[in-house]
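# Structural features, examined
Here's the letter readout for the chains.
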Amino acid sequence: GVTLLATNARRLQPSRAGASGAAVAPEGQQARREGDFARQLAEDTCVENGRWKNLPWVYLTYAERNAWGELGWSEQWWDLAWGGDSGSARTASGRCFGGTFLVGESGTDTCLVGEIMYSYDDCMVASRNYSASYPGDLFPLGKPVTDLQGTPGCNIQDRVGFQFNQAQITGRNQGYSPICKFNATLLGGCPATTTTTMAPLPGGIAFSNAIPKAVITCYQGLTRDQQDSVRLLGYTIDSWHRCMDPDWNPPTCPWPPGIPKPTDSCLDRMDYLDSKYNITEPWSDLSFRAKEAMVDLGWSASGTTWNNRDYPESYAKPFDGQPPPTGLSKNERDAATFLGYLADEWHGCEASSECIDRLARLEAKMKSWGSWRTMSSGIQLRLKDLGWTEQLWFDGEPPALYRNTWDQLTFPQRVAARLLGYTKDVWEGCEQSPCLVRYNYVLNKYAGLKWGGLTLAQQNGWTMLEHSQALWDAGGMMATRLFSMRWDELSPAQQRQAAFLGHSKGTWQGCNFDWGTSLNITITASDFGGPFRTVRVRMVIEAAFSSISGNVYGVAVSTMPTSFIELFERSVGRSLFCGNPDFKNYTNGAFGPDGEPLCKLPEDYERQRQRIRVVTVLEGSIIVDFIIVKNQTAEEPSSMYLYTGLKTQLESFASPLCQDVEFGRYARIAAVEEVPLSDLDPEERQRAMAFEQTRGKYGELNACELSMDARQGKVKCPVASSRSSTFPAAFLLALVVLLSALPESCHWPTV
């Protein structure tokens with residue numbers, strides 16, 4: 001309130017210095033200069049005051065009048081404060097135009113001269129005449145409205161424009177001026193206008209003594225509703241304090257305790273807003289203006305969605321930069337600004353804070369949601385959109401959808417993630433966070449946490465990393481021996497579990513990226529054909545062959561049904577491509593919600609299942625030779641990666657393959673090894689292939705070119721008209737390689 005008087009040209013209180021006309025002491029002159037400087041500073045820096053300069057009370061909007069009224073202003077004092085015209089015409093009231101129309105007194109629904117027009121066509125004529133008399137002053141008449149809070153018939157919405165109100169009985173007339181039509185012939189032209197002069201203050205009271213108390217009160221001293229009024233009027237805490245007129249002896253206002261300053265971190269400001277609008281508190285605890293803003297953002301006026309913690313989708317929209325409905329509308333953005341949000345806080349501080357800090361905060365918030373059955377329905381609804389179920393929530397095991405990148409999510413999934421508190425970088429695991437920041441995060445995450453305090457999924461993950469309850473309770477997270485191994489020495493499944501638990505390659509190695517680059521090097525034999533080749537694998541299952549063939553001794557193996565081969569291919573494919581948990585025991589088997597064998601990534605499975613192909617099934621227990629076809633795209637895992645993962649799965653009872661409802665009983669008694677495509681040493685194989693390429697150039701017709709005669713020199717080959725019938729050398733080589741790979745005694749079953 002005081003702020004709007006700081007720029008008023010008329011000062012209502014005389015200067016306190018030198019008022020008696022006596023000489024002013026030097027220190028008094030200094031004080032006056034400082035006072036002049038303070039007033040000039042207020043005028044120069046209080047841009048908020050420009051909205052109210054020379055603005056009569058009746059020109060304020062309904063919301064502005066309510067807000068200023070909350071701070072103690074009334075129409076009389078307000079207009080007197082701006083009183084350069086001492087109560088002269090404050091609206092368009094009294095304006096005569098078109099020779100037969102007159103703007104009536106603002107705030108009334110009657111005409112002192114003429115009559116109100118209840119015809120839309122007459123109102124349109126009046127609007128056109130006014131625009132001709134006062135071009136650009138008011139908006140012309142639009143479509144009829146039904147406004148129960150405005151003057152009936154033809155009127156002017158003060159400061160805005162013409163409107164025709166079809167409602168005949170209304171609740172108020174403030175802010176509206178009727179348009180009156182009079183008989184120009186009878187009156188002889190436009191009636192004379194008069195002005196009303198404000199009465200002086202009674203008893204000679206100085207206006208400075210009538211200033212509302214709230215307008216010279218520090219922000220922290222205002223009531224909650226008054227603070228809402230200050231913000232609704234466009235003031236910040238800083239500008240409310242800074243713009244107080246020094247002539248009115250305002251207090252020196254420190255920054256309010258408990259409220260972060262604009263220079264504080266975005267996360268601190270966001271925490272303050274979360275506590276101020278605490279969604280765990282009842283809707284009824286909010287101020288009425290906060291409720292209005294919340295409703296503008298999409299919350300239900302009854303408070304149902306608030307009490308269910310069902311955030312409106314507007315909270316997932318960009319603050320600015322995109323038009324509605326993709327971005328916030330102006331009304332939504334104004335509501336968010338009134339509540340205290342700026343673009344940074346609205347977007348979860350993604351642009352101005354460390355990703356790991358936001359990840360830790362989100363994890364703590366998700367813990368506070370409690371159990372699946374007791375959490376708020378709005379939160380549960382968004383979790384379901386991301387694939388969570390009651391069982392997954394109980395186990396603490398993220399759904400398969402969490403393997404997707406942010407850009408791979410559908411639009412509804414991104415909305416659900418935003419409303420739960422995710423940002424793009426948090427969803428993707430804060431991959432760009434510095435190693436030391438992540439390392440401290442992991443240490444703090446598990447510091448002081450007992451084994452029983454871990455979720456089931458975390459216990460399974462640490463178990464796969466060779467941890468146990470005894471090791472954990474004795475030495476905490478660092479007690480597993482696998483921390484003495486480099487990241488690249490972990491199996492693919494162990495790397496996945498370490499990443500799920502919060503680690504990266506850097507944190508696993510203590511942020512020592514040079515570990516293993518000098519003396520501590522694990523030397524492995526090079527693979528012929530490179531790491532992206534097709535891999536041939538042999539699985540030996542220590543079970544009777546008759547358990548899969550249905551045969552008894554003496555019955556030909558060639559009659560074995562193909563059902564086992566199909567079971568083998570789909571089961572191994574599920575274990576490698578379905579994204580099922582790396583370590584989990586299932587009481588009744590790993591079934592999905594549909595009653596079929598569990599597969600969390602069915603699309604990946606269907607796309608890649610054909611990469612598992614059985615070549616032979618032999619007796620001698622059960623010996624299955626099969627191939628893992630090389631990957632066709634860079635996004636697909638390589639065959640060697642899959643082979644390593646498969647080998648690791650057979651070593652763990654709780655792996656996807658050992659828990660498979662169809663193949664688990666075989667997997668628990670099985671082992672695998674890679675089988676070279678021939679028994680030749682890789683170097684010998686390369687030499688043989690090079691020789692075969694050379695030899696393949698010669699056939700029956702030109703083989704004589706390789707012969708030499710001691711007397712005649714090089715033998716010339718005879719010219720033949722027939723084409724060479726040489727058997728393709730490449731086929732011979734392939735046949736040799738295939739035969740050399742087979743055991744000395746083998747069967748060729750029908751498969």
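Reference entry: report on the structure contained in this document. Since the model is a prediction, treat every value here as computed from it, not as a measurement.

Parameters and conventions
- Sequence order sets the numbering: in each chain, residues are counted from 1 along the sequence as written.
- At least 70 in pLDDT is required for a residue's local features to be given in this predicted model, at least 80 for side-chain atom pairs to be given and counted, and no such filter applies to totals for whole chains, interfaces and linings, which use all residues.
- Water and hydrogen atoms play no part in the side-chain values, which are based on all heavy atoms of the structure.
- A pair of strands is considered paired only if DSSP assigns at least 2 bridges between the two.
- Going along the chain from the N terminus, every DSSP run of H or I of four or more residues is numbered as a helix, and every run of E of two or more is numbered as a strand.
- Angles run from 0 to 180 degrees between N-to-C directions of axes, and those axes are lines fitted to C-alpha atoms, restricted for helices to the stretch in contact.
- The contact definition used throughout considers only heavy atoms, calling two residues in contact when any of these lie within 4.5 Å.
- Note on definitions: salt bridges are taken to be side-chain nitrogens of Lys or Arg within 4 Å of carboxyl oxygens of Asp or Glu.
- Throughout, exposure labels follow a simple rule: accessible area from a 1.4 Å probe, protein chains only, divided by the maximum for the residue type, with under 20% read as buried, over 50% as exposed, and the rest as partly exposed.
- Put simply, a disulfide is two cysteine sulfurs that come within 2.5 Å.
- Stacked, tilted and edge-to-face are the three classes assigned to paired rings of Phe, Tyr and Trp, where Trp is represented by its six-membered ring and a pair needs centres within 6.5 Å; plane angles under 30 degrees give stacked, over 60 edge-to-face, the rest tilted.
- As used here, the arc is the angular range of directions from the helix axis to the C-beta atoms.
- Each angle gets one of four labels, with under 35 degrees taken as roughly parallel, over 145 as roughly antiparallel, 65 to 115 as roughly perpendicular, and the rest as oblique.
- Take the far helix as the reference: if the near one is turned anticlockwise from it by less than a right angle, the crossing is left-handed, and if turned clockwise, right-handed.
- Any residue that is not Ala, Val, Leu, Ile, Met, Phe, Trp, Tyr, Cys, Pro, Asp, Glu, Lys or Arg is counted as polar, Gly included; the first ten are nonpolar and the last four charged.

## Here we look at the sheet that holds strand β7 (residues 535–541)
- Read from one edge to the other, the open sheet built from four strands follows the order β8-β9-β7-β10, with strand pairing classed as antiparallel. Since the sheet does not close on itself, it has two edges, and those belong to β8 (612–619) and β10 (670–674), each with one partner. Taking each pair of neighbouring strands and ignoring which way they run, the sheet shows an average axis angle of 25°.
- Alignment of β7 against β10, held across five bridges, turns out to be antiparallel. Following the sheet pairing, Met539 is matched in β10 by Val672.
- Lying over the sheet, helix α24 (residues 563–577) contacts β7, β8 and β9 (622–628), oriented at roughly 130° with respect to β8.
- Across the sheet, helix α26 (residues 639–649) is in contact with β7, β9 and β10; its angle to β10 comes to roughly 155°.

## Concerning the pattern of salt bridges
- Within this structure, the stated rule accounts for 27 salt bridges.
- In this structure, Lys600 engages Glu397 in a salt bridge whose closest nitrogen and oxygen atoms are separated by 2.5 Å. Taken together, the residues span a long stretch of sequence, with Lys600 in the loop between α24 and α25 (602–608) and Glu397 in the loop between α15 (390–395) and α16 (411–420) at a distance of 203 residues.
- With relative accessibility at 11%, the residue Glu397 sits in the buried group.

## A closer look at the state of the cysteines
- A complete count under the given rule lists seven disulfides for this structure.
- Between Cys218 and Cys253 runs a disulfide, and the two sulfur atoms are separated by 2.0 Å. One quick way to see it: the torsion about the S-S bond of Cys218 and Cys253 is about -85°, and its sign makes the bridge left-handed. Linking Cys218 in the loop between α5 (184–187) and α6 (224–232) with Cys253 in the loop between α7 (237–242) and α8 (266–276), this pair joins segments that are 35 residues apart in sequence.
- For Cys218, a relative accessible area of 12% puts it in the buried group.
- The disulfide partner of Cys435 is Cys511, and the S-S distance across this bridge is 2.1 Å. Judged by the sign of its S-S torsion, about -95°, the cystine formed by Cys435 and Cys511 is left-handed. With a gap of 76 residues between them, Cys435 in helix α18 (residues 435–446) and Cys511 in the loop between α22 (505–508) and β7 connect regions that are remote in the sequence.

## Overview of the packing of aromatic side chains
- Per the stated rule, a full pass over the model turns up 35 aromatic pairs.
- Seen from their ring centres, Tyr422 and Trp427 are 5.2 Å apart, and the 80° between their planes marks the pair as edge-to-face. Trp427 matches Tyr422 in its accessibility class, with the two residues each being buried.
- Ring geometry for Phe568 and Phe663: centres 5.5 Å apart, planes at 85°, overall edge-to-face. Residue Phe568 is found in helix α24, and its partner Phe663 is found in the loop between α26 and α27 (664–667); the two are separated by 95 residues along the sequence. Taken as a pair, Phe568 and Phe663 share a single burial class, namely buried.
- By way of ring pairs, the aromatic residues Trp283, Trp299, Trp306, Tyr311, Tyr315, Phe319, Tyr341 and Trp346 are connected into one cluster.

## Quick look at the environment of Gly421
- With respect to the helices, strands and loops of the structure, Gly421 is situated in the loop between α16 and α17 (424–427).
- Among all residues touching Gly421, those that are not within four sequence positions of it are Leu362 and Lys365.

## Observations regarding α8
- The set of residues buried in α8 consists of Cys266, Leu267, Arg269, Met270 and Leu273. Seen from one end, α8 has its buried residues packed into an arc of 160°, which puts them on one side.
- The inward-facing, buried residues of α8 contact α11 (330–339), α12 (343–346) and α13 (355–368).

## Details of the packing of helix α2 (residues 62–70) against α6
- Direction vectors running N to C along α2 and α6 enclose 135°, while the axes themselves pass 9 Å from each other. It follows from the interaxial angle that α2 and α6 lie oblique. Taken as a pair, α2 and α6 cross one another with a handedness that is left-handed. On α6, the residues touching Ala63, Ala67 and Glu70 of α2 are Asp225, Gln226, Ser229 and Leu232.
- By residue class, the composition of the contact of α2 with α6 is three nonpolar, two polar and two charged.

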